[in-house]
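# Residue-level structure breakdown
Chain by chain, the residues run as shown.
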Amino acid sequence: MEYANSNDHGGKRKRDAFEPDEAENGGVDFALLEAIERSQSAVEAIDARAVKKLVLAFERRLNSNLEARLKYPEQPEKFADSEVELHEEIEKLKILAGAPELYPELVQLNSVPSILGLLAHDNTDIAIDVVSLLRDLTDEDVVEDSDEGAQVLVDALLENNALESLVQNLGRLDESDPDEMSAVYNTLATIENLIEVKPAVAELVCNRTKFLRWLQNRIKAREFDSNKQYAAEILAILLQNSAANQRRLGQINGVDTVLQAVAMYKSRDPKSADEEEMVENLFDCLCSLVMPMENKEKFVGAEGVELMIIIMKQKKSAYGSAIRVLNFAMTKFPRACERFVDVLGLKTAFAAFMGKASSVLPRQSLVNKNVNNSYFFEVLPINYLVEFVPVHKRNKKESYQEELEERIVSLIASLFGGITRGSRRDRLLSKFIENECEKIDRLMELYMRYSNRVKAETERLDQLELDDLEMDEEERYNRKLESGLYTLQLIAVILGHLWSSEHARMRARIELLLKQHRLSKNDVKNVLQEYHDNIGDLDGPEEKERAQAKIQKFIEAF
C-alpha cells in the first residue's frame, strides 16, 4: 500500500511542488512517466563513477542546506530552496536500488552516516524522503539480486545506528497526515527488509530501541488501518523465533495488550481480508508470547483462557485461532489446563471435537503465512510438539474442518498431559463415557482416517525407494509427519491415557472399535512405539527420558 512521500509543516515543501495533479493531464502523470524513463536509462549506465557523482551531489546539497539553516534559523524562506534541492538529490539516490552490486561503493564513500543523519532533520519531509530511500535500497526484490552488496549496506546501516534513528523518527510522525502515515508504513517495511537480510536484526531492534513498545501501542488502536495491520505482522515476526523478544514484550505487559487487541473480535468478524489477516497475526503473537513459562502465567492471570473460550463459544472466524492459542498456553503448564476445566471449557472443546463447529468458515486459511512450519519437522516429544508444531497445510484444498480437527485433537492431548490426577482428571475422562462413549467413537473415526493417510504415504515412499530415489530415515519420518502422522500420534497418546485409566467400559469400547476395523491393540502400540523411538532431546536428555517413559507406560498398558 503506497502513499505520497511529501509533507508540509511550517517551512516544509508543498506537495504539488513535486507531484503534478493527474487530473490536469487526463489522469496521466507525465512527469512520473518521464522520471521512470530517466531512472531506467540511468540504471543501464550506472557504475562506480556514477555512484560517486551522485553521492558528491547529495553531500553538496546537504551541506548547503545545513549552512542555510544555521545562517537563517528563523527565516524558512531563506533555506526553502536548498530543502527542495536536497529532496531532489535524495530522490536521485533511489537509482542505486537498480544496482545493489554497487552498494559497497556507496558505503565506501561514507554516505551512510549522512543519509541516516537526515532522519533527525528538522523538516519531517526530508526524514520521510530518507525513509522512502532506505525502503527502496533494502527492498527484498532488490537485495535478492546481490546478497553480498545487501549485506555490506545493512552492516553499514546497523553500525551507524539506523535502527535507533528509524525508531526515534517514528515517535514524531503524525499518522493523521497521509504522508507521515506513509512514512510509518515505509519504516516498518525497512525494518522488515533489514530482518530479511540479517535475521539477527529482529532481536537487535528490540534490544537497542523502544520499537516493541511502539508496536504495542500501535496495535492498541481500535480503528483498523494498514499501519495497524503491518504493526501486527512485524510484531509476529519479531516474536516468532525469539525467546528474548517474547520475554521482553511480556515484561512490558504485552500479553495483556495482545489479549485486548484480539478481544475486539470475540463477538464480531473482521470486515475485510486485510483485517482478517491482521487478526491472525495477533493470534500468532499470542502463540509466540505464551511460549516462555512466565508469560503462560501472565496469560492465565489476565484471563486469557476465559477469553479464548468465549471466542470459541461465539463461533466467529477467530474460532480456530483461539483453539491454537489454548494449545500453546496449556502445553507443559498444568495451571492453564486446570483453569480451562474450572471455567467449563470442556463442554466447548468437546463440542468442537465432535464437529459441531463446522459452520464456522473464515475467509482465509487457519494457517497464517507468518507461522514457521519448520517446527513441524523437529523430532520432539509430544508435550513439545503440541506447543511448537502448527497445523500443517498439506494441500491448499484441505478443508477448514480437517484443520480444526487437528487443532482440537492437539488441545485434548495437552489437557491429558497437564491434568494427571484428581477430580479434574475424572471430569476429563468422563467426557469419553457420556452419550454411550460417542467421544471414543469419534476418536477412533479420526484414528482410522489418519492411519489410512499415513499408510498411503508410507506406500508411496516405499515406491520411491524402489525407484532408486535416495531418502534418509529422518526425511522419510518428516514426510510421514506431513501426511498426518503427528495427529495420528496424538490420537494414539489420547487412547493411551484412556486405556491406562483402567476403566472397563472405555477399554471394552476401544477393543470393539478396533475389532470392527480389523485392527488390534498392537496397531496402536506400533504407532506409539514409532513415536517413542523418534523422541528428540531438544529439551534435554532428562526430558527425553521422561517423555519416553510416559509413552512406554502406554505401550505396556496396551
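The text that follows walks through the structure, step by step, so that each part is easy to find. Every chain is numbered on its own, with residues counted from 1 as its sequence reads. Since the coordinates come from a predicted model, pLDDT governs what is reported: local features require at least 70, and pairs of side-chain atoms require 80 or more to be given and counted, while whole-chain, interface and lining totals use all residues. Derived side-chain values reflect all non-hydrogen atoms in the structure, with water molecules and hydrogen atoms excluded from consideration.

The secondary structure listing takes helices from DSSP runs of H or I that are at least 4 residues long and strands from runs of E that are at least 2 residues long, numbered from the N terminus. A count of helices and strands for the protein chain gives 29 helices and zero strands. Taken across its 558 residues, the protein chain has 54% of its residues classed as buried. The contact criterion used throughout is that any non-hydrogen atoms of two residues lie within 4.5 Å. Taking as baseline every contact in the protein chain between residues at least 6 positions apart, the subset at least 24 positions apart corresponds to 77%. Within the structure as shown, the protein chain displays about 25,100 Å² of accessible surface, and the carbon and sulfur contribution to it stands at 46%. Burial classes follow relative accessibility: with a 1.4 Å probe on protein chains only, a residue under 20% of its type's maximum area counts as buried, one over 50% as exposed, and anything between as partly exposed. Here the open area of atoms and residues is found with the Shrake-Rupley method and a 1.4 Å probe, where only the protein chains shown may cover a residue.

On to the pattern of salt bridges, then. Each reported salt bridge corresponds to a side-chain nitrogen of Lys or Arg within 4 Å of a carboxyl oxygen of Asp or Glu. A full pass over the atoms with the stated rule returns 31 salt bridges. With its nearest N and O atoms 3.3 Å apart, the salt bridge here joins Arg61 to Glu85. Of the two residues, Arg61 is situated in helix H2 (residues 48-71) and Glu85 in helix H3 (residues 76-93); the sequence distance between them amounts to 24 residues. Here the salt bridges share partners, and the residues they tie into one network are Glu405, Arg442, Glu445 and Arg449.

On to the environment of Ser132, then. Checked against the element boundaries, Ser132 lands in helix H6 (residues 124-137). The class for Ser132 is buried, based on a relative accessible area of 4%. When the C-alpha atoms of Ser132 and Ala183 are compared, they prove to be 7.1 Å apart, with 51 residues separating the residues in sequence. By the criterion applied in these results, polar contacts are pairs of N or O atoms within 3.5 Å in which, for protein atoms, one can donate a hydrogen and the other can accept it, and in which residues neighboring in sequence qualify only through two side-chain atoms. Within the structure, Ser132 has its side chain in polar contact with the side chain of Lys94 (distance 2.7 Å).

This next bit is on unusual backbone geometry. One non-glycine residue, Glu303, lies in the positive phi region at around 60°. Note on placement: Glu303 falls in the loop between helix H17 (293-301) and helix H18 (304-314). In this structure, Lys315 takes a positive phi of about 55° despite not being glycine. When you line up the elements, Lys315 lands in the loop between H18 and helix H19 (319-330). Classification of Lys315 as partly exposed rests on a relative accessible area of 38%.

Let us now look at helix H15 (residues 254-263). Of all the 10 residues making up H15, seven are buried; the element is thus mostly covered by neighbouring parts of the structure. Turning to H15, its buried residues are Gly254, Val255, Thr257, Val258, Leu259, Ala261 and Val262. On its buried side, H15 packs onto helix H12 (211-218), helix H14 (243-251), helix H16 (273-289), H17 and H18.

To continue, consider the state of the cysteines. We call a pair of cysteine sulfur atoms a disulfide whenever their separation is within 2.5 Å. By the definition in use, this model includes zero disulfides. You can see Cys285 has no disulfide; the closest cysteine sulfur is in Cys287, sitting 9.3 Å from it.

This part is about a negative patch on the surface. Each patch is built from salt-bridge-free residues with over 30% relative accessible area, joining like charges within 9 Å and nonpolar side chains (Val, Leu, Ile, Met, Phe, Trp, Tyr) within 5 Å. In this tally Asp and Glu are treated as negative and Lys and Arg as positive; neither His nor the chain ends contributes. A charged residue contributes its charge at one atom only: NZ of Lys, CZ of Arg, CG of Asp or CD of Glu. On the surface, a cluster of negative charge is made up of Glu101, Glu140, Asp141, Glu144, Asp145 and Glu196. With respect to the helices, strands and loops of the structure, Asp145 is situated in the loop between helix H7 (140-143) and helix H8 (147-159).

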